[in-house]
Amino acid sequence: MSKKVILTGLRANNDLHLGNYLGALLPMVELQKKYAGQYQINLFVPDLHSFTTPIDHSKLYEQTMHNLKLFVAAGLDLDDQDTFIYRQSYIPAHSELTVILNSFTYMGELSRMTQFKEKSEKQDSVSAGLFDYPVLMAADILLYGAKYVPVGADQTQHVELARDIAIRMNNKFGDLFALPEPEKEQIAFAHQQTRLRIRDLADPTKKMNKSDDSGKGVIFLGDSPEEAAKKVMSATTDSLGKVAHDYEKQPGISNLLDIYEALGGDTKEFIGNEQYGPLKQAVAVKVKEFLTHFQSRQTKVDQVKLTAQLESSEKAMNNTAGATLLKVQKVVGLRAK
Ligand code: ADP
Ligand code: TRP
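Reading the values: rules and limits
Residues numbered from 1 in each chain as written. Chains lettered and ligands numbered in written order. Predicted model: local features only at pLDDT ≥ 70, side-chain atom pairs only at ≥ 80, totals over all residues. Heavy atoms only, no water. Near = heavy atom within 4 Å. Polar contact = N/O pair within 3.5 Å; in protein donor to acceptor, adjacent residues only side chain to side chain. Areas by Shrake-Rupley, 256 points an atom, 1.4 Å probe, with all protein chains shown as cover. Nonpolar A, V, L, I, M, F, W, Y, C, P; charged D, E, K, R; others polar. Axes fitted to C-alpha atoms, helices over the stretch in contact; angles between N-to-C directions. Helix = DSSP H or I, 4+ residues; strand = E, 2+ residues; numbered from the N terminus. Parallel < 35°, antiparallel > 145°, perpendicular 65-115°, else oblique. Left-handed = near helix turned anticlockwise from the far one by under 90°. Contact = heavy atoms within 4.5 Å. Buried < 20%, exposed > 50% of the residue type's maximum accessible area, 1.4 Å probe, protein only. Arc of directions from axis to C-beta. Phe/Tyr/Trp six-rings, centres within 6.5 Å; stacked < 30°, edge-to-face > 60°. Lys NZ or Arg CZ within 6 Å of the ring centre and 35° of its normal.

**Section: the site of ligand 1**
Moving on, step 1. Taken together, 18 residues lie near ligand 1, and Arg11, Asp154, Ile198, Lys207 and Lys210 sit nearest.
Moving on, step 2. Between ligand 1 and Gly152, the relevant distance is 2.7 Å, taken from an oxygen atom to a main-chain nitrogen or oxygen of the residue.
Moving on, step 3. Contact distances for ligand 1 include 2.6 Å between an oxygen atom and a side-chain N or O atom of Lys207.
Moving on, step 4. Protein chains shield 98% of the accessible area of ligand 1, which is 530 Å² for the free molecule.
Moving on, step 5. Considered class by class, the residues forming the shell around ligand 1 number six nonpolar, seven polar and five charged.

Next up, the structure:
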């Protein structure tokens, strides 16, 4: 029997940031280590998702290739036979399944998606691509029958929608798609209490985001370690004068505690402190150490091997995705049974 699948994607519309790393990439690498041999791991770049909001198209291809390298630098073991890395647009079944799923997804559902509401508010004109974003994401998940999808808090709603669409199609057509697990099981599987949401250092009321214009509160994985440490030192906090985990009243401090813990630090010694300086200092050192190590690993990635593995993964995943697509095409009446 084929192995159960753990799958996630990270867009390449800008350099990845610490939120992407801690919310999606690191959990994926940890799951791979833990479940090597038992699960199939799919880690891909959803390149078609990249321009659902405006980007500099001249940089996309290069950024995509760069991000694939980051997967390896983060510790993903490409020698594992059950691990696949790929670019979404190199597997046409993603696009084809999206067109089919579109007719089984409702405008109402898509209008309710928080990400759509938030992102469309920021733009003068909103593309149909942004509206349809979750359907393409559902295709990404359902083509491979992914059971677990490690993502940050902002993407939970989309994973649930993928599950809803699959249930709807299964009710109509029989046992068509394997279902991603419900949210509670997803979190338990990743040994999390909740999905992670790293906040912007300058404005901790919002999430750390790739498309942030100033980049002041965002730690990009390509930032120099010194520059990143400075961003931490100037993080916005509050005037309550007591270190505590309280997202409502102290989002900045809570964020620093989350970052420290996610990078392997022990926050106990800071809780209750009346000074914020030592916590900031400790987080700055941790971030600096992390980036120094991560960036040195990037220089050691074997590019030739990476490209060869990318191509063979894409070939294999075209077969898997093609088989699922054909099954769907048959039940909806596009192909002979
Ligand atoms: P962004 O939202 O910054 O453009 P992506 O949409 O490409 O990043 O997200 C890639 C992955 O990183 C997703 O699983 C997403 O949930 C996760 N992620 C993004 N921002 C954060 C954050 N601030 N904290 C935790 N996880 C995040
Ligand atoms: N939508 C995700 C994000 O922006 C990226 C993504 C695309 C994804 N397709 C996916 C994540 C499938 C998990 C599974 O963060």
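From this point, the narrative continues.
**Details of the packing of helix H3 (residues 93-102) against helix H6 (residues 128-142)**
Moving on, step 1. In the contact formed by H3 and H6, the axes pass within 8 Å of each other and the chain directions differ by 120°. When the axis of H3 is compared with that of H6, the two are oblique. Here H3 runs over H6; the crossing is right-handed. Residues His94, Leu97, Thr98, Leu101 and Asn102 of H3 lie in contact with H6, whose contacting residues are Asp132, Val135, Leu136, Ala138, Ala139, Asp140 and Leu142.
Moving on, step 2. Here the contact of H3 with H6 is composed, by residue class, of seven nonpolar, three polar and two charged.

**Quick look at helix H5 (residues 114-121)**
Moving on, step 1. If you check which residues of H5 are buried, you get Gln115, Phe116, Lys119 and Ser120. One side of H5 carries all its buried residues, which in axial view fall inside an arc of 115°.
Moving on, step 2. If you follow the buried residues of H5, they end up packed against helix H4 (107-111), H6 and helix H7 (156-173).

**Thoughts on the site of ligand 2**
Moving on, step 1. Neighbouring residues of ligand 2: 14 residues in total, closest His49, Tyr133, Met137, Asp140 and Gln155.
Moving on, step 2. With respect to ligand 2, the side chain of Arg11 contributes an N or O atom lying 3.4 Å from an oxygen atom.
Moving on, step 3. Alone, ligand 2 offers 360 Å² of accessible surface; in the complex the protein occludes 92% of this.
Moving on, step 4. Residue assignment for the shell around ligand 2 shows that the elements contributing at least two residues are strand E1 (4-9) and H6.
Moving on, step 5. Top element by residues in the shell around ligand 2 is H6. It accounts for four residues.
Moving on, step 6. Split by residue class, the shell around ligand 2 holds eight nonpolar, four polar and two charged.

**With respect to the packing of aromatic side chains**
Moving on, step 1. Here the structure, examined in full by the defined rule, presents 13 aromatic pairs.
Moving on, step 2. The interplanar angle of 5° and the centroid separation of 3.5 Å between the aromatic rings of Tyr148 and Phe189 together place this pair among those described as stacked. One end of the pair, Tyr148, is in strand E4 (residues 146-148); the other, Phe189, is in helix H8 (residues 183-189), with 41 residues separating them in the sequence.
Moving on, step 3. Counting every residue linked through ring pairs, the aromatic cluster contains Tyr35, Tyr39, Tyr148 and Phe189.
Moving on, step 4. Above the plane of the ring of Tyr90 lies Arg87, whose end atom (NZ or CZ) is 3.6 Å from the centre.

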